[in-house]
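# Structural features, examined
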Amino acid sequence: MTAQDVVNKVDVNGNHAPFAVYLDEDVFKLEQEKLYRGKVWSYIGLDIEVPNAGDYKTTFIGDTPIVLTRGADDSLNAWVNRCAHKGALVCRERHGHSEDGAFTCVYHQWAYDAKGDLKGVPFRRGMKGQGGYAKDFDMANYGLRKLRVQTIAQMVFATFDAQTPDLEDFLGEKMCANIKRIMHKPIKVIGHTRQFMKGNWKAYSENSRDSYHGALLHLFYPTFGVYRQGQESVGITDSVGCHNYFNVSAPQGVENYADYAGEANREMKGPHQLQDERVLKFVPERDDRVALSIQSLFPSVVLQQIQNTLATRQVLPKSVNETELVWTFFGYQDDDEEMDEHRLRNINLVGPSGLISMEDGEAVELVQQGIHRDASERSFVEMGGNEVEDYTSPMGMDENAVRGFWKGYRQTMADE
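Starting from 1, residues in each chain are numbered consecutively following that chain's sequence as written. Two thresholds apply to this predicted model, a pLDDT of at least 70 for residue-level local features and 80 or more for giving and counting side-chain atom pairs, whereas whole-chain, interface and lining totals are computed over all residues. To get the side-chain values, take all heavy atoms of the structure and skip hydrogens and water.

## What to know about the overall build of the protein
Secondary structure assignment for the protein yields 12 helices and 18 strands. By the compact-globule yardstick of 22 Å for 416 residues, the protein fits well, its C-alpha radius of gyration being 23 Å. Overall size of the protein, expressed as C-alpha extent along the three principal axes, is 85 × 60 × 40 Å. The buried label applies to any residue whose accessible area, calculated with a 1.4 Å probe on protein chains only, is under 20% of its type's maximum; exposed applies above 50%, and partly exposed to all values in between. When the 416 residues of the protein are sorted by exposure, 55% land in the buried category. Contacts are assigned to residue pairs with any non-hydrogen atoms lying within 4.5 Å of each other. Across the protein, the fraction of contacts at a sequence separation of at least 24, relative to all contacts at a separation of at least 6, is 67%. Reported accessibility uses the Shrake-Rupley method at a 1.4 Å probe radius. Residues are deemed covered only where the shown protein chains occlude them. Surface summary for the protein: the accessible area is close to 18800 Å², and the carbon and sulfur share equals 48%. Looking at the protein, you have 45 positive and 61 negative side-chain charges, and the mean spots of the two groups are 7 Å apart. Starting at the N terminus, helices and strands are each numbered in turn, a helix being any DSSP run of H or I of at least four residues and a strand any DSSP run of E of at least two. Note that the radius of gyration is over C-alpha atoms, with the globule rule given as 2.2 Å times the number of residues to the power 0.38. Only four residue types enter the tally: Lys and Arg on the positive side, Asp and Glu on the negative side, with His and both chain ends excluded. Taken as the charge location is NZ of Lys, CZ of Arg, CG of Asp or CD of Glu.

Printed below as a string of structure tokens:
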């Protein structure tokens with residue numbers, strides 16, 4: 001069975017997927033070609049991560065190394081992090097700054113500008129009549145491979161394909177509106193964490209879209225009154241379903257947190273007391289009551305607001321059974337010192353060892369371990385029906401957005 005045969009077994013409505021899509025090396029390779037290098041926009045960073053001319057950030061689209069730069073003309077640029085000479089990495093640090101605006105490969109000192117154009121080649125004309133390149137060697141033909149770059153609010157995306165629709169069309173009006181709701185004013189980065197999971201990237205992409213598991217797996221939610229299944233919420237998808245967001249409203253009035261625990265199917269073991277309850281504090285920052293927002297944008301990023309913790313989670317596939325998750329935490333530029341400290345406390349809820357999110361990485365690995373020898377079997381994704389559509393409260397009784405992911409994946413990966 002070919003990789004395309006495996007992909008074609010994903011249900012067109014997203015109701016099930018063969019386990020082989022998590023396990024097949026050739027499927028992983030096909031994803032790099034059709035998805036990550038296809039007509040898809042992949043998140044590569046926040047514009048504030050490269051605020052000044054000469055700043056750069058290294059990252060990936062799929063498994064291809066990429067550099068995001070700020071040009072002398074204030075432009076945002078992205079290019080493949082691979083020298084046109086011998087293929088070596090040009091930038092080796094995660095973040096950096098080039099004082100002279102040149103990006104130089106350490107191997108043979110080929111130098112490029114922030115846009116990826118080749119600007120210097122040592123001994124291009126040789127020395128004393130010896131060596132060098134031919135007279136018709138033209139540096140304009142040996143630049144770095146450039147990507148299209150577009151932004152929404154302060155999120156930066158790139159695509160390999162010149163025919164990819166504009167970013168806002170790719171995301172859709174509803175997704176853009178929620179991004180702008182969270183990024184409604186200038187932001188600042190306040191930290192990063194990185195998480196490595198021994199599981200396929202699609203298992204995490206499902207997880208971020210899966211409201212069904214929220215208060216079942218994450219016992220911190222119902223134990224401490226952050227979220228329960230019956231809470232006021234909405235689930236919104238784009239026209240296909242591959243992008244989505246969940247927005248959960250903060251309770252009105254005084255809540256009896258015992259009601260939250262009553263809706264959980266099991267109890268958290270051990271002491272149910274936080275030593276610093278400020279970690280749960282929620283400070284309203286917008287003209288709505290949304291206290292929890294999880295937005296998953298196909299294929300590569302999650303934008304979150306959990307209480308006052310704001311972050312992007314970039315999903316980086318490393319191999320068929322390895323995924324890296326890069327969390328970039330941010331606040332607003334007009335935050336005062338007290339709010340800075342509050343956001344940093346709130347970060348204890350999330351990240352690789354967060355009180356809420358620590359179980360997600362283990363869940364991804366449990367899936368990979370469980371399906372290892374049964375690639376011909378398939379998942380069952382029919383909680384709440386077998387359609388992909390918007391809905392209102394209550395959240396957590398369906399797998400609507402997971403079906404949307406597989407529906408979008410199937411369309412993207414389908415035969416031409």
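This is not the end of the story, as more comes after the structure.
## A short note on the pattern of salt bridges
Put simply, a salt bridge is a Lys or Arg side-chain nitrogen that is within 4 Å of an Asp or Glu carboxyl oxygen. Here the structure, examined in full by the defined rule, presents 17 salt bridges. In this structure, Asp-166 engages Arg-148 in a salt bridge whose closest nitrogen and oxygen atoms are separated by 3.5 Å. Remark: Arg-148 occurs in strand β9 (residues 146-152) and Asp-166 occurs in the loop between β10 (155-159) and α4 (167-171); sequence separation between them is 18 residues. Residue class for Asp-166 comes out partly exposed when judged on its relative accessible area of 41%. Using a relative accessible area of 24% as the deciding quantity, one classes Arg-148 as partly exposed. Among the charged side chains, a salt-bridge network with shared partners connects Arg-194, Lys-318 and Glu-324.

## A word on the nonpolar core
Joining through side-chain atoms within 4.5 Å is the link that ties buried Ala, Val, Leu, Ile, Met, Phe, Trp, Tyr and Cys residues into a set, and such a set is a nonpolar core. The biggest cluster of nonpolar side chains holds 84 residues, and the ones touching the most others in it are Met-155, Phe-157, Leu-171, Trp-406 and Tyr-409. Considering each element in turn, this core owes the most residues, 6 residues, to helix α12 (residues 400-413). In contact with Met-155, not counting residues within four places along its chain, are Tyr-43, Gly-45, Leu-46, Gln-150, Ile-179, Met-183, Leu-297, Val-301, Leu-303 and Thr-312.

## Re the packing of aromatic side chains
A pair of aromatic rings is counted whenever rings of Phe, Tyr or Trp (Trp by its six-membered ring) have centres within 6.5 Å, and the orientation is called stacked for planes under 30 degrees apart, edge-to-face for over 60 and tilted otherwise. Throughout the structure, instances matching the rule amount to 17 aromatic pairs. Considering the side-chain rings of Tyr-56 and Phe-103, the 5.7 Å spacing of their centres and the 80° angle between planes classify their relative orientation as edge-to-face. Note that Tyr-56 is positioned in strand β2 (residues 55-61) and Phe-103 in strand β6 (residues 103-104), a separation of 47 residues in sequence. Each of the two residues, Tyr-56 as well as Phe-103, counts as buried. In our convention, an over-ring charge means Lys NZ or Arg CZ found within 6 Å of a ring centre and within 35 degrees of that ring's normal. Here Arg-37 stacks its cationic end above the ring of Phe-160, 4.6 Å away from the centre of that ring.

## So, the packing of helix α6 (residues 201-209) against helix α11 (residues 358-371)
Every axis in this analysis is a line fitted to C-alpha atoms, fitted for helices over the stretch in contact. Angles between the N-to-C directions lie between 0 and 180 degrees. Where α6 meets α11, the closest approach of the two axes is 9 Å, and the angle between their N-to-C directions is 135°. The angle between α6 and α11 places the two elements in the oblique class. Note that α6 runs across α11; the crossing there is right-handed. In this structure, α6 uses Ala-203, Tyr-204 and Asn-207 to contact α11, whose residues at the interface are Asp-360, Ala-363 and Val-364. Residues are grouped as follows: Ala, Val, Leu, Ile, Met, Phe, Trp, Tyr, Cys and Pro are nonpolar; Asp, Glu, Lys and Arg are charged; all remaining types, including Gly, are polar. Of the residues that constitute the contact of α6 with α11, the class distribution is 4 nonpolar, 1 polar and 1 charged. In what follows, roughly perpendicular refers to angles from 65 to 115 degrees, roughly parallel to angles under 35, roughly antiparallel to angles over 145, and oblique to any angle outside these ranges. Note: crossing handedness is left-handed where the near helix turns anticlockwise from the far helix by less than a right angle, and right-handed where it turns clockwise.

## Describing unusual backbone geometry
Look at the link from Phe-298 to Pro-299: it is a cis peptide, with omega at -5°. Mapped onto the fold, Pro-299 is located in the loop between β14 (290-297) and β15 (301-306). Even without glycine at this site, Phe-123 takes up a positive phi of about 55°. The topology assignment puts Phe-123 in the loop between β8 (118-120) and β9.

## Quick look at the packing of α6 against α12
Close contact between α6 and α12 brings their axes to 8 Å; oriented N to C, the two are set at 140°. In terms of their interaxial angle, α6 and α12 are classed as oblique. Considering how the two elements wind past one another, α6 and α12 form a crossing that is right-handed. Here Trp-201, Lys-202, Ser-205, Glu-206 and Arg-209 of α6 come into contact with α12, specifically with Ala-401, Val-402, Phe-405, Trp-406 and Tyr-409. Looking at side-chain class alone, the contact of α6 with α12 contains 6 nonpolar, 1 polar and 3 charged residues.

## Some details on the sheet that holds β6
Read from one edge to the other, the open sheet built from 3 strands follows the order β6-β7-β8, with strand pairing classed as antiparallel. Each edge of the open sheet is held by one strand with a lone partner, namely β6 and β8. Note on pairing: two strands pair once DSSP finds at least 2 bridges between them. Judged from the 2 bridges that link them, strand β7 (residues 111-112) and β8 form a sheet pairing that is antiparallel. Across the sheet, Tyr-112 pairs through a bridge with Leu-118, a residue of β8.

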